[in-house]
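Close look at the chain arrangement
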Amino acid sequence: MGKGLLLDVTRCIGCGLCRDACRAENGLPETQDEGLSEHRFTTLRKMDAGGGRTRWVRRLCMHCLRPTCESVCPVGALRRTEDGPVLYDAGRCIGCRYCMMACPYGVPRYEWRSVAPRVRKCVMCSGRLARGLPTACAEACPFGATVFGERADLLRVARERSSDPAGGYVRQVFGETEGGGTSVLVLADVPFAVLGFPAGLPGHPLGEYTGEVLSKLPNVVVVGGALLAGLYWVINRRDTLAGGGPPA
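Our subject in this report is the structure included herewith. None of these values were measured; they are calculated from a predicted model. (Residues numbered from 1 in each chain as written. Predicted model: local features only at pLDDT ≥ 70, side-chain atom pairs only at ≥ 80, totals over all residues. Heavy atoms only, no water.)

What the protein chain contains, in helices and strands, is seven helices and nine strands. Relative to all contacts within the protein chain whose residues are 6 or more apart in sequence, the contacts with residues 24 or more apart total 55%. Carbon and sulfur atoms provide 56% of the accessible area of the protein chain, an area that totals close to 13300 Å². (Helix = DSSP H or I, 4+ residues; strand = E, 2+ residues; numbered from the N terminus. Contact = heavy atoms within 4.5 Å. Areas by Shrake-Rupley, 256 points an atom, 1.4 Å probe, with all protein chains shown as cover.)

Right, dumping it as structure tokens:
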């Protein structure tokens, strides 16, 4: 399953060191962007958790085990590596932005104002991983709110914490099965939907739907083409008759 991250919402105080480390590692500019953008690969947001409580929640690419973005990309510009990161190859990208529409977490961002636009997102510090280092965000976190390691090990720790009645956690590890599973796992003590995580994701890869849709495309093209041809004939005939010419 490769490497991964464990985010523990109960341990995050919103210091922003993870966000600053991400910006420095990726050479991103200072920005006032509140959410994810082409200049910000991870965000921290203070969420109302109900009952007068607040929680700091990180957002970043979830690095799915079977990425939907990879399955919909027609040119293979996105791919998951064995180490865990989902990487992007700008040299292959044709700018279709299907990945943006397909991502269930709404992560990829596009450089709309660039003359040579790219899709931008977290790549789990793949360069650091290749050198045997943890991600910059995990290294910067002094509170254990972001932990880097083998996904299998992180999942074991997450399960132990979430099943401990004394811990107060929701008995769920977000990312264990959602959409087929993700390399970024999340623990919280309030329902994940309250914290802005998508609800109702299936336990199997969303990319499985891609093949189902593509298998129907030939029929759609044929039927659609026939309808368009018929519509063209009707419009052409109407225009001919309106002009006093012979019927087409």
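Here the focus is the side chain of T68. Note that T68 resides in helix α2 (residues 68-72). Among all residues touching T68, those that are not within four sequence positions of it are A102, P104, L206 and G207.

Next up on the list: the nonpolar core. Counting residues in each nonpolar core, the largest one holds 30 residues, and the members touching the most others are L5, Y105, F174, V186, L195 and F197. A total of three residues in this core trace back to one element, the largest contributor, which is strand β2 (residues 43-50). One finds L155, A158, Y169 and L187 within the second-largest nonpolar core, a separate group that totals eight residues. (Core = buried A, V, L, I, M, F, W, Y, C linked by side-chain atoms within 4.5 Å. Buried < 20%, exposed > 50% of the residue type's maximum accessible area, 1.4 Å probe, protein only.)

The next point concerns unusual backbone geometry. Even without being a glycine, R97 presents a positive backbone phi close to 65°. Tracing the backbone through its elements, the reader meets R97 in the loop between β5 (86-88) and α3 (98-102). Despite not being glycine, C125 has its phi angle at roughly 45°, a positive value. As for its placement among the helices and strands, C125 is situated in the loop between β7 (119-120) and α4 (126-130).

For the rest of this paragraph, the subject is the pattern of salt bridges. Any two side chains of opposite charge can pair, on the condition that their charged atoms come close. Summed over all chains, the structure comprises 14 salt bridges. The shortest N-O distance in the salt bridge between R113 and E38 comes to 2.9 Å. Of the two residues, R113 sits in the loop between β6 (109-110) and β7 while E38 sits in the loop between α1 (17-26) and β2, which places them 75 residues apart along the sequence. Taking the relative accessible area as the measure of exposure, R113 reaches 70% and is therefore exposed. R92 is the salt-bridge partner of D89, the closest N and O atoms lying 3.7 Å from each other. R92 gets classed as partly exposed once you look at its relative accessible area, which sits at 48%. One continuous salt-bridge network, built from bridges that share partners, spans D8, R11 and R161. (Salt bridge = Lys/Arg side-chain N within 4 Å of Asp/Glu carboxyl O.)

Turning our attention to the layout of surface pockets. Approximately 340 Å³ is the volume found for the largest pocket. Going through the elements one at a time, β2 and β3 (53-59) are the ones with two or more residues in the lining of the largest pocket. At four residues, the largest contribution of residues to the lining of the largest pocket is made by β2. Grouping the amino acids of the lining of the largest pocket by side-chain chemistry returns 12 nonpolar, three polar and four charged. (1 Å grid on protein atoms, 1.4 Å probe; cavity = no way out; pocket = protein on both sides within 12 Å on 5 of 7 lines; lining within 4 Å. Points joined across faces, edges and corners; volume = space filled by probe spheres on them. Nonpolar A, V, L, I, M, F, W, Y, C, P; charged D, E, K, R; others polar.)

Right, let's get into the sheet that holds strand β8 (residues 146-150). Across the sheet, which stays open at both edges, the three strands sit in the order β8-β1-β9 with mixed pairing between neighbours. The open sheet is flanked by β8 and β9 (184-187), the only strands paired with a single partner. Averaged over neighbouring strand pairs, the angle between their axes works out to 25° when direction is ignored. Relative to β9, strand β1 (residues 3-8) runs parallel, the two being bridged by four bridges. Residue pairing for β9: L6 is matched across the bridge by L185. This element, helix α6 (residues 151-163), spans β1, β8 and β9 of the sheet and lies at about 25° to β1. (Pairing = 2+ DSSP bridges. Axes fitted to C-alpha atoms, helices over the stretch in contact; angles between N-to-C directions.)

Every buried residue of α1 is accounted for by C18, A21 and C22. Viewed end-on, α1 has its buried residues packed into an arc of 100°, placing them on one side of the element. Close packing links the buried residues of α1 with β2, β3 and α5 (136-140). Remark: G27 follows α1 within two positions and exhibits a positive phi of approximately 60°. (Arc of directions from axis to C-beta.)

Note that β2 and β3 share seven bridges and pair antiparallel. Looking at β3, one finds that R45 is bridged to V57. The antiparallel pairing of β2 with β3 creates a hairpin that spans two residues between the two strands, and G51 there sits at a positive phi of about 65°.

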